[in-house]
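Residue strings, one per chain:
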Amino acid sequence: MKINRRDFLKISGRGGGGLILSLAVPVHGKIGGLIEDIGQIEFNNFISIDHNGEITIMLTKHEMGQGTGTAIPTIIADELNADWSKVKIKQVAYDPKYTWLEMGTTGGSGSISRTWDSIRIAGATVKKLLMQTAANNWGVDIKVLEVENSYITNLVTNERVEFGALAEGASQLPIPKDIVLKTPKEYTYIVKTLKNRLTEDVISGKAKYGIDMNIPGMVYASIEKCPIYKGTLKSYDAKEAKKKKGVLDVFPIVLPKVIKSKLNSVLSHVDEGVVVIAMSTWIAFEARKLLKIEWEGGENESRSMASLDKDMEYVKELPDVMSVDIGNVETELANSSSRVVEMQYDNPYQAHAVMEPLNATAHFENDSCELWVGTQDAEQTIREVATSLELPMEKITLNNLISGGSFGRRYHTDTSIEAAFISKHIKKPVKLVWTREDEVRNDHFQPYLRNYLKAIVSREGEVIGIENRAISTVEYASWSEKWEFFYAFPNIRCYRTRVPTLLHEGAWRAVGEHLAAMSKECFVDELAHELGKDPLDYRVELLSREVDLGNPKDLPEAVQRYVLPRRDLAWQRQLDIIFYIKKSKLWSNQTQKGKGRGFAIHAFGSTICAQIAEVSIGGDLGYCVDKVTAIVHCGLVINPHFAKGQIEGSIIWALSALKYGGMEVENGMVQRSNFHDNKVLRIDELPEIDVIFLKSDERPSGLGEPGTPPLAPAVLNAIFNASGKRVRKIPVTKKDLL
Amino acid sequence: MAVYNLKINDSFFPIDIDQNTPLLWVLRDTLALYGTKYGCGIGQCGACTVLVDGLPIRSCSIPVEAVKNKSIVTIEGLSPNSNHPVQIAWRDLDVPQCGYCQSGQIMTAAALLERIPNPNDADINRAMKGNICRCGTYSRIREAIKVAAKHRTSENQ
């Protein structure tokens, strides 16, 4: 077995003849530690070629509809020059020995962008080993060989040999030092549209999601959960429930304080509740209705959206952390010759409403636990379940199944902890299923962000200062104020203030970028209008100079680590997109009566998405989104069909939130329960969607989320353009347009 | 509890179950036919759609008692080799993303084409708006239905 320390590769032989390439892909930023401990790190058997030429690519990424399980193997097969029909993709059960590995987490639009180098090197390394083996066997130099479709041809003699015959020999060779990766012109699979590997099973009904698990001896569980965040179970009466035919047991689920204190408070928040064990899902659901439960509401019992509104209003003048301070906003505010334009924007809580209701299947036995669940982070789930059971991580096995949508919700480990807890209690394998009502009411919601924005307009009609008071219900979403990176106002001040949340929170497609983009792109649009400028021209003006950030070391650590390196690229790409739009005449200021057009542009990492929304006034909701044109710069597009699907999907996701999102909360309780009142977009509301990708050979920069942030501001700006009415919040209702 | 001999996908399944059990859960938990999905339980999302005597029915909202003498077709029985025109179109256009809603989409689409062999956008919207897709594959669904309609027409000629 040989190790390449620079690229974290290992090559070894496999039983029965063949080759295995093992790979470690360090998580962003942790490379330093990995190099020291490389001898201790276990690598993930990643690419395997057997003597028949069958190529197995192991997948640890989570398939949730984004197509990564097809796209990553596509990239490898391309570098390898493999016959795609010989490529098998195998979802592997996650193992705790793969620590720190990028391959174990799926989210942040990073699956391809963060593994791009490693997986290409892996594919190219295997190809070079196979070529060298063939060269050695034929006694020629590697230069006279051609590789295509899993065959290596000796161009001197026209003999050819298949990968399978070479694999064993290749596993004995030293790992080549100089790997040459393909140039984009040489790609044969990348930029083509290979089919989604899931489609065949989906259309036949064979695709197996977490909710479809079936273990011998399995029983079914469902939990009547506390409806108030941080509420507790006071008492319960299970007499009637236990009488129901098919009910096996009823008991509480309350994690001990000492366990809760060790768990991740965001990912592993588990509501208190009462568990019903039954012979079927249906019986468990029905038996829950027979429970009589008393809850202790706790600190959120008296709170509501109205009280949250007051909480935010209260801290408006008492901002907490000053996160950006460029120039001197205070001085400019005091300048009496200027005027101040002031606006408030509200981007409220959002539910996930993932299509497949949350679930997990667990079998606790002999001080170890096996799990079957669709999760975006298998390693994290194993760690948290192990903590909750007070077991070492090695005792937890996780089988990661495809999911019916994740969108950030399936990062959270709550259902796995619950299922493991239940299985341990009843000493049987168990499938835990949440109802749709549970999924809506006990969601881990996108946080609420309110922005109080001020612009200082000089007597000469220039915006010389911006102040953003961001008030949010959580910490992690609010670092994306984004005023300090792209639009070059000479004076910028941002504050970040927290208020206690009403609802438990978590990642939601596009996270803080969705929150920040709305107020930013709406406010800049309002300023453009205030100054009598075209919205695109005004943005170009603001992007034509660099923001003076001062000493980068004074910026928050997360910003230094993640944002600054990408800022220049994101900045250039925003300009490229706007220039492209102008050159292609995609934007026009001409509209008909009752119709309007709105623009927004936002960076998600290094991927930029601009959107032009076309809106008509009228109809049931008071407005109708007729068309959205998305212009995207994401570097190289790996699979055009998947790429378009991600942008379309992100737009539909965001449009759902714009039309029907937010959440009502009274007495600490979520007021919606299912799709009849927590509405989502349906096929008859689909706008026309055009997606344009700027042609690029640069490294792929991610596509799962970037299509979501620009939608709300583009539509809100279009509504203004059509009606003259500024709506500064979502959801937008008919009342807002009266 | 009642005893039924359910006709599903041209086979008969004898079962003994509470007559109020929704067909969805009989299919999934009793008969391990997992292709029909649970999405909401109140007939709002369409993921549980099956054909009952050829009509698209939300199986979460119909008790097994009501279908005891009917012919039920689930996604698993729509065609022998996933070669129903709707499935062929779904395959050719690579419609699914996560795929969870797609059984219901396919069954509803299959029923639509029996009723309206050449649906326009308005027909498609009306028939399909009961089927939610959170991944947003609606444009592909619409296109695939039109492609399936064309193949059905040429098949029947």
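Look a little higher up for the structure.
Just so you know, these numbers come straight off a predicted model, no measurement behind them.

Caption draft 1: Looking closely at the overall build of chain B. The helix and strand tally for chain B stands at 5 helices and 5 strands. Traced from its N-terminal end to its C-terminal end, chain B shows the element sequence β-β-α-β-β-β-α-α-α-α. Counting only C-alpha atoms and orienting by the principal axes, one finds that chain B spans roughly 45 × 35 × 25 Å. Evaluated residue by residue, chain B yields a buried proportion of 60% over its 157 residues. When contacts within chain B are restricted to residue pairs at least 6 apart in sequence, long-range pairs at least 24 apart make up 54% of them.

Caption draft 2: Inspection of the overall build of chain A at higher detail. Each helix and strand in chain A was counted, giving 18 helices and 29 strands. Its C-alpha atoms give chain A a radius of gyration of 28 Å, within 12% of the compact-globule value 27 Å for 738 residues. With the principal axes as the frame, chain A shows a C-alpha extent of 85 × 70 × 50 Å. Taking all 738 residues of chain A together, 64% fall into the buried category. Accessible area for chain A stands at about 27,800 Å²; split by element, carbon and sulfur atoms hold 49% of it. Separation between the mean location of the 91 positive side-chain charges and that of the 96 negative ones in chain A comes to 2 Å.

Caption draft 3: Main features of the pairing of strand 25 (residues 607–617) of chain A. All names here are of chain A. Extensive coverage of strand 25 is indicated by the burial of 9 of its 11 residues. Pairing of strand 24 (residues 595–604) with strand 25, which is carried by 10 bridges, proceeds in the antiparallel orientation. What sits directly across from Ala-600, in strand 25, is Gln-611. Count of turn residues in the strand 24/strand 25 antiparallel hairpin: 2 residues, of which Gly-605 carries a positive phi of about 65°. Sheet analysis places strand 25 next to strand 26 (residues 623–633), joined by 10 bridges and oriented antiparallel. By the bridge assignment, Glu-614 is partnered in strand 26 with Lys-627. Linking two consecutive strands that pair antiparallel, namely strand 25 and strand 26, is a turn of 5 residues; a positive phi of about 125° is found at Gly-618 within it.

Caption draft 4: Spatial organisation of helix 1 (residues 23–30) of chain B. Summarising burial for helix 1 of chain B: 7 of the 8 residues are buried, a large majority. Here helix 1 of chain B has its buried residues at Leu-23, Leu-24, Trp-25, Val-26, Leu-27, Arg-28 and Asp-29 of chain B. Buried-residue contacts for helix 1 of chain B involve strand 10 (219–225) and helix 8 (281–288) of chain A together with strand 1 (2–8), strand 2 (11–17), strand 3 (49–52) and strand 5 (71–73) of chain B. One or two residues past the end of helix 1 of chain B sits Ala-32 of chain B, with phi positive at roughly 55°.

Caption draft 5: Region of interest: the pairing of strand 7 (residues 145–148) of chain A. Here strand 7 of chain A shows a buried face lined by Leu-145 and Val-147 of chain A and an unburied face lined by Glu-146 and Glu-148 of chain A. In this antiparallel pair of consecutive strands, strand 7 of chain A and strand 8 (residues 151–154) of chain A, the connection spans 2 residues, and Asn-149 of chain A shows a positive phi of 50°.

Caption draft 6: Fine view of the environment of Gln-19 of chain B. All names here are of chain B. In this structure, Gln-19 sits in the loop between strand 2 and helix 1. A residue is classified by how much of its surface remains accessible, and Gln-19, at 32% relative accessible area, is partly exposed. Separated by 18 residues in the primary sequence, Gln-19 and Met-1 place their C-alpha atoms 5.9 Å from one another. Beyond its immediate stretch of four places on either side in the chain, Gln-19 contacts Met-1, Ala-2, Tyr-4, Pro-63, Val-64 and Glu-65.

Caption draft 7: Main features of the side chain of Lys-454 of chain A. Following the sequence through the fold, Lys-454 of chain A ends up in strand 21 (residues 449–457). For Lys-454 of chain A, the residues in contact, after removing those within four places along its chain, are Leu-333, Val-340, Val-341, Glu-342, Gly-465, Ile-466, Glu-467 and Phe-523 of chain A.

Caption draft 8: Quick peek at the sheet that holds strand 4 (residues 55–58) of chain B. Residues and elements named next belong to chain B. Strand order in the open sheet formed by 5 strands is 2-1-5-3-4, and the pairing between neighbours is mixed. Because the sheet does not close on itself, it has two edges, and the strands there are strand 2 and strand 4. Sheet twist, expressed as the mean angle between neighbouring strand axes with direction ignored, is 40°. In this sheet, strand 2 lies alongside strand 1 in antiparallel orientation, the contact comprising 7 bridges. Following the sheet pairing, Lys-7 is matched in strand 2 by Phe-12. Packing against the sheet, helix 1 makes contact with strand 1, strand 2, strand 3 and strand 5, and its axis sits at approximately 100° to strand 2.

Caption draft 9: Here's a closer look at the nonpolar core. Membership of the largest hydrophobic core comes to 143 residues, with the highest contact counts inside it found for Trp-483, Phe-489 and Phe-523 of chain A together with Trp-90 of chain B. With 9 residues, the single largest contributor to this core is helix 17 (residues 640–660) of chain A. Residues within four places of Phe-523 of chain A in sequence aside, it is in contact with Val-341, Met-343, Tyr-345, Leu-453, Lys-454, Ala-455, Ile-466 and Trp-483 of chain A. Grouped together as the second largest cluster of nonpolar side chains are 47 residues, Leu-21, Phe-46, Leu-80 and Phe-163 of chain A included.

Caption draft 10: Main features of the packing of aromatic side chains. In this structure the tally under the stated criterion is 12 aromatic pairs over all chains. Summarising the aromatic geometry, the rings of Tyr-349 of chain A and Tyr-448 of chain A are spaced 5.9 Å apart at their centres and angled 90° between planes, so their arrangement reads as edge-to-face. One end of the pair, Tyr-349 of chain A, is in the loop between strand 16 (339–347) and strand 17 (359–365); the other, Tyr-448 of chain A, is in the loop between helix 13 (436–441) and strand 21, and 99 residues separate them in sequence. Note on accessibility: Tyr-349 of chain A and Tyr-448 of chain A belong to one class, buried. An aromatic cluster is defined as three or more aromatic residues linked by ring pairs; in this entry it consists of Phe-285 of chain A together with Trp-25 and Tyr-38 of chain B. For the cation-ring pair, Arg-160 of chain A lies above Tyr-151 of chain A, with the distance from its terminal atom to the ring centre recorded as 3.7 Å. Stacked on the ring of Phe-720 of chain A, the Lys or Arg Arg-726 of chain A has its end atom at 3.8 Å from the ring centre.

Rules of the game
- Residues numbered from 1 in each chain as written.
- Chains lettered and ligands numbered in written order.
- Predicted model: local features only at pLDDT ≥ 70, side-chain atom pairs only at ≥ 80, totals over all residues.
- Heavy atoms only, no water.
- Helix = DSSP H or I, 4+ residues; strand = E, 2+ residues; numbered from the N terminus.
- Buried < 20%, exposed > 50% of the residue type's maximum accessible area, 1.4 Å probe, protein only.
- Contact = heavy atoms within 4.5 Å.
- Rg over C-alpha atoms; globule rule 2.2 N^0.38 Å.
- Areas by Shrake-Rupley, 256 points an atom, 1.4 Å probe, with all protein chains shown as cover.
- Lys, Arg positive; Asp, Glu negative; His and termini not counted.
- Charge placed at Lys NZ, Arg CZ, Asp CG, Glu CD.
- Pairing = 2+ DSSP bridges.
- Axes fitted to C-alpha atoms, helices over the stretch in contact; angles between N-to-C directions.
- Core = buried A, V, L, I, M, F, W, Y, C linked by side-chain atoms within 4.5 Å.
- Phe/Tyr/Trp six-rings, centres within 6.5 Å; stacked < 30°, edge-to-face > 60°.
- Lys NZ or Arg CZ within 6 Å of the ring centre and 35° of its normal.

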